[in-house]
Amino acid sequence: IVVESRVEKGRGIIATVLVQDGTLKKGELIVAGTVTGRVRNMSNDKGKMIKEAGPGTPVEIMGFSETPMAGDRFDACETDEKVAIGVVIGDQCDLS
């Protein structure tokens, strides 16, 4: 779930999310509502860069194409095709 999002000068769009199921990894494609992106960088609640985050972990993600809305459910996808289909039909991808 997207907790908050903002635009920071020099860093771009930052979204604070809470991973609920599965593991989120750096480089995965993500979709939140109608906003897509790829996890470019991810940091934990202490500001340390991490490569993956498990369930219950709050993280800041860089890589969204636009600012997602707070409260949006986000999911990670394996391929660009799944992201496109998920956005078009309003579905979400499975976080695995």
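Enquirer: Describe the pairing of strand E8 (residues 74-77), and please don't skip the residues or the numbers.
Expert: Going residue by residue along E8, you find Phe74 and Ala76 tucked away on one face and Asp75 and Cys77 tucked away on the opposite face as well. Bridging between strand E4 (residues 29-32) and E8 involves four bridges; their strand directions are antiparallel. Considered in E8, the bridge of valine 31 is made with aspartate 75.

Enquirer: Go over the sheet that holds strand E2 (residues 12-18) with me, naming the residues and quoting the values.
Expert: Spatially, E1-E2-E7-E5-E4-E8 is the arrangement adopted by the six strands of the open sheet, whose pairing is antiparallel. Looking along the sheet, the strands with just one partner apiece sit at the ends: strand E1 (2-8) and E8. Going across the sheet, the axis of each strand differs from the next one's by a mean of 40 degrees, ignoring polarity. In this structure, E1 lies alongside E2, joined through six bridges in antiparallel fashion. Its bridge partner being in E2, glutamate 8 is matched across the sheet by glycine 12.

Enquirer: Pulling in residues and values, what's your account of the pattern of salt bridges?
Expert: Counted under the stated rule, the structure contains five salt bridges. Of the charged contacts in the structure, one is a salt bridge between glutamate 8 and arginine 11, with a shortest N-O distance of 3.1 Å. Note on glutamate 8: relative accessible area 24%, which makes it partly exposed. Accessibility expressed as a relative area gives 30% for arginine 11, which makes it partly exposed. Its salt-bridge partner being aspartate 75, residue arginine 73 comes within 2.7 Å of it at the nearest N-O pair. Connected through salt bridges with shared partners, the residues Glu4, Arg6, Glu8, Arg11 and Glu60 form a single ionic network.

What counts and how
- Residues numbered from 1 in each chain as written.
- Predicted model: local features only at pLDDT ≥ 70, side-chain atom pairs only at ≥ 80, totals over all residues.
- Heavy atoms only, no water.
- Buried < 20%, exposed > 50% of the residue type's maximum accessible area, 1.4 Å probe, protein only.
- Helix = DSSP H or I, 4+ residues; strand = E, 2+ residues; numbered from the N terminus.
- Pairing = 2+ DSSP bridges.
- Axes fitted to C-alpha atoms, helices over the stretch in contact; angles between N-to-C directions.
- Salt bridge = Lys/Arg side-chain N within 4 Å of Asp/Glu carboxyl O.

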